[in-house]
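# Examining the three-dimensional arrangement
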Amino acid sequence: MDDLIAMTPCDGLLPVTIGDVTLTEDLPVAMTSIAPYAGQDEALNAALKDAHGLDFPAINRSTVKADARAIWFGQGIALLQGPAAAIELAKFAALTDQSDGWAVVRLEGKGAADVLARLAPVDLRRQNFKQGHTVRTELAHMMASITRIGPDALQIMVFRSMARTLVHDLKTAMAGVAARG
Amino acid sequence: MRITCPNCGERDRREFYVKGAALARPDVGAGLDEWHDHLHLRDNPASETKELWYHEMGCGAWIEVCRNTVSHEVVSTRLASGAELGGKR
Ligand SMILES: [Zn+2]
């Protein structure tokens, strides 16, 4: 049996700092999408609260408790990030393991929103996009999930296969913002 | 052109994919003429028309969009699942 070497989605690419903005890779232990079955929204919410201390997030919002984060992830779906999803949730929702499917990066610094303004067609400035807010949107032609996880910190996710493109486009935009001073 | 997704809010047209006219699916047992009409015959009005759009780069919802083909105004939007186009959830 060969020894396989585990590599992270952004292996060898990060971290990088340009100007006052830093891009790092985040590696949640597990990521699971949770899609409640028809009519099971309330039961699922109660089970999620019991198991992980989290509310099912409202549209365009995320909820957080200790190391667990639930991010609204699209029509009728949320993504649990952090612990592996409790098996009890499977009674009320379709659970899908997404752990190896996504590249997760953190863009942090005063100019973080200015960097994303060059790449995504939504307003991510702090006055409109507050901590805990999330969007599904386009980022340089990639389907992305963007969440504000701190006053100047944004979590960005794209499909793992696009990790290198994501880092390239973010670095280019970071350099552009830094060059303007 | 900007489209208001019932989930995500107002978004740029580049986030969406258009399928075509929003039509109720013929019933089980519909005849050949009815299917022919459903598949091939369109009115192409110079006015308001209803289409199905997919929020491909966003939340993944199918949306019924009413828009004016003359002015390009987007008049209204709602989730396709609530537009009574047939099928059951
Ligand atoms: Zn949407």
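The name given to chain B in an unreviewed UniProt entry is Sarcosine oxidase subunit delta, with the source organism recorded as Parasedimentitalea denitrificans.

Bringing the sheet that holds strand β4 (residues 48–54) of chain B into the picture now. All names here are of chain B. The strand order across the open sheet formed by four strands is β3-β4-β5-β6, and the pairing between neighbours is antiparallel. The open sheet has two edge strands, β3 (17–21) and β6 (74–79), and neither has a second partner. Averaged over all neighbouring strand pairs, the angle between strand axes comes to 30°, with direction disregarded.

All right, on to the confidence of the model for chain B then. Regions with low pLDDT should not have their predicted coordinates read in detail. Per-chain confidence: chain B averages 93 in pLDDT, with 97% of residues scoring 70 or above. Overall fold confidence for the complex sits at a pTM of 0.94, while the interface term, ipTM, reaches 0.89.

Residue and element names in this part refer to chain A. Helix length check: helix α1 (residues 41–52), at 12 residues, gives a terminal C-alpha distance of 16 Å against a target of 16 Å (1.5 Å per residue), a fit within 8%. By the burial criterion, the buried members of α1 are L44, A47, L48 and H52. The buried residues of α1 occupy an angular sector of 105° when projected down its axis, which confines them to one face. Among the exposed residues of α1, those pointing more than 90 degrees away from its buried face are E42 and D50. Along its buried surface, α1 packs onto β3 (30–36), β4 (62–65), β6 (77–82) and β7 (93–97).

Let's shift gears to the coordination of the zinc ion. Residues and elements named next belong to chain B. Distances from the zinc ion to its protein donors, C5 (SG), C8 (SG), H55 (ND1) and C59 (SG), fall at 2.0 to 2.4 Å. On the primary sequence, the residues serving as donors to the zinc ion are separated as C-x2-C-x46-H-x3-C. With a gap of 47 residues between them, C8 in the loop between β1 (2–5) and β2 (9–12) and H55 in the loop between β4 and β5 (62–68) connect regions that are remote in the sequence. H55 gets classed as buried once you look at its relative accessible area, which sits at 0%.

Residues and elements named next belong to chain A. Applying the stated criterion across every chain, the model contains nine salt bridges over all chains. Across the pair D152 and R126 runs a salt bridge, and its minimum N-O distance is 3.5 Å. On the criterion of sequence distance, the pair formed by D152 in the loop between β10 (142–150) and β11 (153–159) and R126 in the loop between α2 (112–117) and β9 (134–139) is long-range, its members being 26 residues apart. Judged by its relative accessible area of 27%, D152 falls in the partly exposed class.

Turning to the interface of chain A and chain B, a few remarks are in order. Accessible area lost on assembly of the parts is the figure often given for the size of an interface. Contacts between the two partners involve 16 residues from chain A, matched on the other side by 13 residues from chain B. Of the roughly 1,300 Å² buried between chain A and chain B on both sides combined, carbon and sulfur atoms contribute 51%. When the buried area of chain A at its contact with chain B is split by residue, Q75(A), P121(A) and E138(A) rank highest and sum to 40% of it. Put simply, chain A and chain B have zero salt bridges between them. For the pair chain A and chain B, the interface holds six residue pairs in polar contact (both at pLDDT 80 or more).

Two descriptors summarise a pair of aromatic rings, namely the distance from one centre to the other and the angle between the planes of the rings. Residues and elements named next belong to chain A. The full count for this structure, using the stated rule, is three aromatic pairs over all chains. For the ring pair F73 and W102, a centre distance of 5.0 Å and an interplane angle of 70° mean the geometry is edge-to-face. Taken as a pair, F73 in strand β5 (residues 68–74) and W102 in strand β8 (residues 102–108) lie far apart in primary sequence, 29 residues in all. Relative accessible area serves as the criterion here: at 6%, W102 is assigned to the buried category.

Here we come to a negative patch on the surface. Together, D27(B), D33(B), E34(B), D37(B) and D43(B) give the surface a local cluster of negative charge. Its relative accessible area of 66% is what places D33(B) among the exposed residues.

This brings us to the nonpolar core. All names here are of chain A. Counting 33 residues, the largest nonpolar core has L107, L116, L139, I146, I156 and L170 as its most contacted members. If you list the elements that add at least two residues to this core, you get β2 (21–25), β8, α2, β9, β10, β11 and α3 (163–180). In contact with I146, other than residues within four places in its own chain, are L116, A120, L124, F129, H133, T134, V135, T137, L139, L154, Q155 and I156. Of all hydrophobic cores here, the second largest spans 12 residues; its members include I34, A68, F92 and A93.

Residue and element names in this part refer to chain A. Here chain A is partitioned into domain 1 (16–27 + 101–180) and domain 2 (30–97). With centres defined by C-alpha atoms, the gap from domain 1 to domain 2 works out at 24 Å. At the boundary of domain 1 with domain 2, total buried surface from both sides reaches about 970 Å², with 59% on carbon and sulfur atoms. Where domain 1 packs against domain 2, one counts zero salt bridges. The interface formed by domain 1 and domain 2 contains four residue pairs in polar contact (both at pLDDT 80 or more). Looking at the side of domain 1 that touches domain 2, the elements that each hand over two or more residues are β8, β9, β10 and β11. Grouping the constituent residues of the side of domain 1 that touches domain 2 by class yields five nonpolar, six polar and one charged.

Cut-offs applied
- Residues numbered from 1 in each chain as written.
- Chains lettered and ligands numbered in written order.
- Predicted model: local features only at pLDDT ≥ 70, side-chain atom pairs only at ≥ 80, totals over all residues.
- Heavy atoms only, no water.
- Pairing = 2+ DSSP bridges.
- Helix = DSSP H or I, 4+ residues; strand = E, 2+ residues; numbered from the N terminus.
- Axes fitted to C-alpha atoms, helices over the stretch in contact; angles between N-to-C directions.
- pLDDT = per-residue confidence, 0-100.
- Expected span 1.5 Å × (residues − 1).
- Buried < 20%, exposed > 50% of the residue type's maximum accessible area, 1.4 Å probe, protein only.
- Arc of directions from axis to C-beta.
- Contact = heavy atoms within 4.5 Å.
- Donors = N, O, S within 2.8 Å, 3.2 Å for Na, K, Ca; no water.
- Salt bridge = Lys/Arg side-chain N within 4 Å of Asp/Glu carboxyl O.
- Buried area = accessible area lost by both parts, 1.4 Å probe.
- Polar contact = N/O pair within 3.5 Å; in protein donor to acceptor, adjacent residues only side chain to side chain.
- Phe/Tyr/Trp six-rings, centres within 6.5 Å; stacked < 30°, edge-to-face > 60°.
- Patch = residues over 30% accessible without salt bridge, like charges linked within 9 Å, V, L, I, M, F, W, Y side chains within 5 Å.
- Areas by Shrake-Rupley, 256 points an atom, 1.4 Å probe, with all protein chains shown as cover.
- Lys, Arg positive; Asp, Glu negative; His and termini not counted.
- Charge placed at Lys NZ, Arg CZ, Asp CG, Glu CD.
- Core = buried A, V, L, I, M, F, W, Y, C linked by side-chain atoms within 4.5 Å.
- Domains from an automatic or database assignment.
- Nonpolar A, V, L, I, M, F, W, Y, C, P; charged D, E, K, R; others polar.

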